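For reference, the chains in residue letters:
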Amino acid sequence: MAHTDVNFKPVADLVAGLIDGVEDDRWADPTPCGHYTQAQLLNHLLGLCLAFTAAARGERGPHNDAPPGEPATELEPEWRGELRHRLDSLAEAWSSEGAWEGHAVAGGVVLPASIMGLVALNELAVHGWDLARATGQDFRLPSDTVANLVEFVAQDAHDQSAREGIYGPVVTLPADAAPQDRLIALTGRNPAWRP
């Protein structure tokens, strides 16, 4: 798929729309994302926005030269405004044609920028779903985003060794499952997960 088919802004806006639905007294509650609490998931989102924005801009530094560590279990007081700002910056960075050219670095991994952009969009979309599900909010990705990401994530769906440390085993769904549910299942999550 061409990078011109990929638009971060609608997904970034969807995730930003979840922020006010996060309750401060629920930070320790679980999420569909492994052992992450809500606070850890939000800190991971804050970090991935920095890393993938730097990747799009061709920057190197502490945000993207090393694998991400375990997210903190507490949030900074101004996290809501900071996350909105970082989501906007992420979408803007990947809207540049130059972001998709050459190679990019994130998490200490070097990839063709055209692949790194899809990794970034997938991270944003799936962790957005995680946050929505953990906080009881609606989350409906644009159909073209889902189609692009299903195609991307399905490439190694039957090779768990290639997915190790990234996704759990694919969750089996009925043949008529909704496309977004198929995307979530491909990342090793159960689309029916509830807190």
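From a predicted model like this one, the values you see are computed outputs, not experimental measurements.

1. Quick word on the state of the cysteines
Here a disulfide denotes one covalent bond, and it connects the sulfur atoms of two cysteines.
Here's step 1: Applying the stated criterion across every chain yields a total of zero disulfides.
Here's step 2: The thiol sulfur of Cys33 is not disulfide-bonded, and the nearest other cysteine sulfur, from Cys49, lies at 14 Å.

2. Details of helix H2 (residues 38–57)
Here's step 1: The terminal C-alpha atoms of H2 lie 29 Å apart, and with 20 residues this matches the ideal 28 Å at 1.5 Å per residue to within 8%.
Here's step 2: Across the 20 residues of H2, 17 count as buried, placing the element largely inside the fold.
Here's step 3: Directly after H2, the chain includes Gly58, whose backbone phi takes a positive value near 75°.

3. With respect to the side chain of Asn122
Here's step 1: Relative to the helices and strands, Asn122 resides in helix H4 (residues 113–135).
Here's step 2: Aside from chain neighbours lying at most four places away, what touches Asn122 is Leu149, Val153, Tyr167 and Leu183.

4. Description of the environment of Met116
Here's step 1: Take Met116: it is sitting in helix H4.
Here's step 2: Note on Met116: relative accessible area 2%, which makes it buried.
Here's step 3: On a C-alpha basis, the gap between Met116 and His103 in space is 8.2 Å, while along the polypeptide they are 13 residues apart.
Here's step 4: In this structure Met116 touches Phe52, Ala55, Trp94, Ala104, Val105, Ala106, Val109 and Leu111, once residues within four positions along its chain are discounted.

5. Regarding the packing of helix H5 (residues 143–153) against helix H7 (residues 179–186)
Angle between the axes and distance between the axes: these two values describe a pair of packed helices.
Here's step 1: Orientation of H5 relative to H7, taken along the N-to-C sense of each, is 30°, at an axis distance of 9 Å. Here H7 runs roughly parallel to H5, going by the angle between their axes. With respect to the hand of their crossing, H5 and H7 are arranged in left-handed fashion. Here H5 contributes Val146, Leu149, Val150 and Val153 to the contact with H7, which in turn contributes Pro179, Gln180, Arg182, Leu183 and Leu186.

What counts as what
Throughout, residues of each chain are indexed from 1 in the direction in which the sequence is written. In keeping with the model being predicted, local features are shown solely for residues with a pLDDT of at least 70 and side-chain atom pairs are shown and tallied solely at 80 or more, while totals for entire chains, interfaces and linings include all residues. Only heavy atoms go into the side-chain values, all of them from the structure, while hydrogens and water stay out. The rule for a disulfide is simple: a pair of cysteine sulfur atoms within 2.5 Å. A run of H or I in DSSP counts as a helix once it spans at least four residues, and a run of E counts as a strand once it spans at least two, with each numbered from the N terminus. Take the residue count of a helix, subtract one, and multiply by 1.5 Å to get its expected span. To sort residues, take the accessible area from a 1.4 Å probe on protein chains only and compare it with the maximum for the residue type: under 20% means buried, over 50% means exposed, and anything in between is partly exposed. Contacts between residues were defined by any pair of non-hydrogen atoms, one from each residue, lying within 4.5 Å. Lines are fitted to the C-alpha atoms to define the axes, a helix being fitted only along its stretch in contact, and any angle between axes, read from their N-to-C directions, falls within 0 to 180 degrees. In what follows, roughly perpendicular refers to angles from 65 to 115 degrees, roughly parallel to angles under 35, roughly antiparallel to angles over 145, and oblique to any angle outside these ranges. Take the far helix as your reference; a near helix turned counterclockwise from it by less than a right angle gives a left-handed crossing, and one turned clockwise gives a right-handed crossing.

Purely spatial values, then, with no claim about function.
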